[in-house]
Amino acid sequence: MEAARFPVYLQPVPRQAAETFAAPTAPARRLLSRVELLRHLDAQADIAPRAPLSFLAVRITGLDDVLEQRGEVGVRFVTRGVGEALTGLCRGTDIPGELGEVTFGLILQGAGATAAAAAAARVQHHLNRLAFLPAGCAVLVGAATGTGSHGRRLAWAALDVFDGDCCSG
């Protein structure tokens, strides 16, 4: 019997060593910064320009009331919680990161249109059911699919669902 392997274009994301007091199953992955996330997206063109690649843009809406009632601390609590929950929903080859104050991105290596649509639905479903998400807030997910050679253009396409200005420049 042959051992299962990742296709050459899939790059498993190493998990940081969990602290000794943490449960063995606790995720240790962190969110990348916007710059780091977009660099990973650009690198896909070099790694596998013809391999399927998808990008999810995840945005939290309705935070105006939270800002009014709880201030910046309340907004940070919600956004950090959503970001942590997003990392918990990732597969071993997915790369999560921040794109803005209330926007996250998720690179789906090796995922075509069907897989990206399923991932977007799953992410939106789970994030909108977080217990700490205040009434009036919602998590919206945009998706774009192509190949590695499309790189950063996938982020722009996924963000066009919202306003398209996050990754310009």
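Residues numbered from 1 in each chain as written. Predicted model: local features only at pLDDT ≥ 70, side-chain atom pairs only at ≥ 80, totals over all residues. Heavy atoms only, no water.

A. Representation of the overall build of the protein within the structure. Helix and strand counts for the protein come out as four helices and four strands. In the protein, the succession of α and β elements from N to C terminus is α-β-α-β-β-α-β-α. A burial count over the protein gives 41% of its 169 residues as buried. Pairs at least 24 apart in sequence give 69% of the contacts found in the protein among residues at least 6 apart. Accessible surface, the protein as shown: approximately 9400 Å² in total, 55% of it carbon and sulfur. (Helix = DSSP H or I, 4+ residues; strand = E, 2+ residues; numbered from the N terminus. Buried < 20%, exposed > 50% of the residue type's maximum accessible area, 1.4 Å probe, protein only. Contact = heavy atoms within 4.5 Å. Areas by Shrake-Rupley, 256 points an atom, 1.4 Å probe, with all protein chains shown as cover.)

B. Region of the structure containing the nonpolar core. Residues Leu56, Val58, Val82, Val123 and Leu127 are the most contacted members of the largest nonpolar core, which totals 26 residues. Those elements giving two or more residues to this core turn out to be β1 (52-61), α2 (64-88), β3 (103-109), α3 (113-127) and β4 (138-147). Among the elements that line this core, the one with the most residues is α2, at six residues. Those residues in contact with Val58 that sit more than four places away from it in its chain are Leu86, Val102, Thr103, Phe104, Val123, Leu127, Val139, Leu140 and Val141. (Core = buried A, V, L, I, M, F, W, Y, C linked by side-chain atoms within 4.5 Å.)

C. Up close: α2. Here α2 is 25 residues long, yet its end C-alpha atoms lie only 26 Å apart, well below the 36 Å a rise of 1.5 Å per residue gives. For α2, the principal kink sits at Arg70 and spans about 130°. For α2, every residue scored as buried is listed here: Val66, Gly74, Val75, Val78, Thr79, Gly81, Val82, Gly83, Ala85, Leu86 and Thr87. Against β1, β2 (94-98), β3 and α3 lie the buried residues of α2. (Expected span 1.5 Å × (residues − 1). Bend = angle between axes of the 7 residues up to and from the residue.)

D. Spatial organisation of the sheet that holds β1. Read across the sheet, four strands follow the order β2-β3-β1-β4 without closing on themselves; strand pairing throughout is antiparallel. The open sheet terminates on both sides in strands that have one partner only, identified here as β2 and β4. Across the sheet, the mean angle separating the axes of adjacent strands is 15° when strand polarity is ignored. With five bridges connecting them, β2 and β3 associate as antiparallel partners. Following the sheet pairing, Glu98 is matched in β3 by Phe104. Running over the sheet, α2 touches β1, β2 and β3 and is turned about 10° from β3. (Pairing = 2+ DSSP bridges. Axes fitted to C-alpha atoms, helices over the stretch in contact; angles between N-to-C directions.)

E. Structural view of the environment of Glu84. Here Glu84 shows up in helix α2. Through-space distance from the C-alpha of Glu84 to that of Leu31 is 7.9 Å; in sequence the pair is 53 residues apart.

F. A look at the pairing of β3. Burial analysis of β3 places seven of its seven residues in the buried class, which makes it a mostly covered element. Looking at chain direction, β1 and β3 are connected through seven bridges and run antiparallel. In the sheet register, Ser54 faces β3, and the bridge partner there is Leu108. Hairpin connection of β2 to β3: four residues between the antiparallel strands.

G. Representation of the packing of aromatic side chains. Within the structure shown, the criterion is met by one aromatic pair. Summarising the aromatic geometry, the rings of Phe77 and Phe132 are spaced 5.6 Å apart at their centres and angled 70° between planes, so their arrangement reads as edge-to-face. Placement of the pair is Phe77 in helix α2 and Phe132 in the loop between α3 and β4, with a sequence separation of 55 residues. Residue Phe77 is classed as exposed on the basis of its relative accessible area, which comes to 52%. Taking the relative accessible area as the measure of exposure, Phe132 reaches 27% and is therefore partly exposed. (Phe/Tyr/Trp six-rings, centres within 6.5 Å; stacked < 30°, edge-to-face > 60°.)

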